[in-house]
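What the coordinates show
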Amino acid sequence: MTAVDPEAYRRDGYAILERFLSAQDCEALKARAAELAAGFDPDESRTVFSTRDQRHARDRSFQESGEAIRFFFEEEAGDAPAAHALNKIGHALHDLDPLFDRISRQPRLAALAHDLGIARPLLLQSMHIFKHPRIGGEVAWHQDATYLHTRPVTVTGFWFALDDADRDNGCLLALPGAHRGPLRRRFHRDGDGFVTTELDPAPWPAVEPVALEVPRGSLVVLHGLLPHASAANRSDRSRQAYALHVIDGRAVYDADNWLQRPNLELRGFV
Ligand code: FE2
């Protein structure tokens, strides 16, 4: 299946396309990420990524990562070598690494973005997420538009499961339909620092979270206002994923977004 049911996507705020990527592509991406991790010298920086305290925001490695390939560690990694300790690699893999570029710019994905109404797609951000066995950290409930903001909101997430993802290894959790509520907060630049500004105090709606359990190769499309999260991975299996975020170039990309690319122009699918 390569098409999203537009009615269901409008209703739920997410869509699942199973087996979008081949097993071969999943393995190739994992191998490439492992290769990048192996080539990383942790003496350069050991930035810990945490959605609880946003401590990474103080780190230059994070601040510049919008136009680079940078490495972020798990809170619980201790002194483990990067191959076993990384939370993720980001955030310009899709522009700077040939394999991630090819996967991100495949025509089927361009067609899907078009079907979703993204008329002038710009590939803004990419992340390889490791979610290693036992130490893979949780991701707190959030809306992606908190971090990647356009007016109007256009950010759309394309999340590829590179391993089978289920409740035990920290699959995505979502609040179906809750994308129809307001954006609650923005994380943005403020002078030399970063702040989180509350825009709307409304709590998440009282809907039962759904666990988006998907087999390897599946693509989960996430509306930029959909509240989603994932639990820590306490299993002995990894839950690797590749996430690509696309915006519509017709919208205004706020100058105070954390992600800035002064030296690398944003591109679409071609
Ligand atoms: Fe997200």
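Presented here is an overview of the structure given in this document. (Residues numbered from 1 in each chain as written. Predicted model: local features only at pLDDT ≥ 70, side-chain atom pairs only at ≥ 80, totals over all residues. Heavy atoms only, no water.)

A separate point is the packing of aromatic side chains. Overall, the coordinates contain 10 aromatic pairs when judged by the stated rule. With a centroid separation of 5.0 Å and an interplanar angle of 55°, the aromatic rings of Phe100 and Tyr242 are classed as tilted. In this pair, Phe100 is assigned in helix H6 (residues 98–104) and Tyr242 in strand E15 (residues 241–248), connecting sequence segments 142 residues apart. Judged on exposure class, the residue Phe100 and its partner Tyr242 are both buried. Seen from their ring centres, Phe160 and Tyr242 are 5.9 Å apart, and the 15° between their planes marks the pair as stacked. Here Tyr242 lies in strand E15 and Phe160 lies in strand E8 (residues 156–161), a separation of 82 residues in the sequence. Each residue in the set Phe62, Phe72, Tyr147, Phe187, Phe194 and Trp258 is aromatic and connected to the rest through ring pairs, giving one cluster. (Phe/Tyr/Trp six-rings, centres within 6.5 Å; stacked < 30°, edge-to-face > 60°. Helix = DSSP H or I, 4+ residues; strand = E, 2+ residues; numbered from the N terminus. Buried < 20%, exposed > 50% of the residue type's maximum accessible area, 1.4 Å probe, protein only.)

The next thing to look at is the coordination of the iron ion. In this structure, His142 (NE2), Asp144 (OD) and His228 (NE2) serve as the protein donors to the iron ion, at separations of 2.1 to 2.2 Å. Spacing between the donor residues of the iron ion along their common chain follows H-x1-D-x83-H. In this pair, Asp144 is assigned in the loop between strand E6 (139–142) and strand E7 (150–151) and His228 in strand E14 (residues 228–230), connecting sequence segments 84 residues apart. Like His228, Asp144 is buried. (Donors = N, O, S within 2.8 Å, 3.2 Å for Na, K, Ca; no water.)

Turning our attention to the pairing of strand E5 (residues 121–129). Along E5, nine of the nine residues are buried, which leaves the element largely enclosed by surrounding structure. Summarising the sheet, strand E4 (residues 86–91) and E5 pair through four bridges and their orientation is antiparallel. Its bridge partner being in E5, Ile89 is matched across the sheet by His128. Relative to E15, E5 runs antiparallel, the two sharing eight bridges. Across the sheet, Met127 pairs through a bridge with Ala243, a residue of E15. (Pairing = 2+ DSSP bridges.)

Function-wise, these values are silent; they only describe arrangement.
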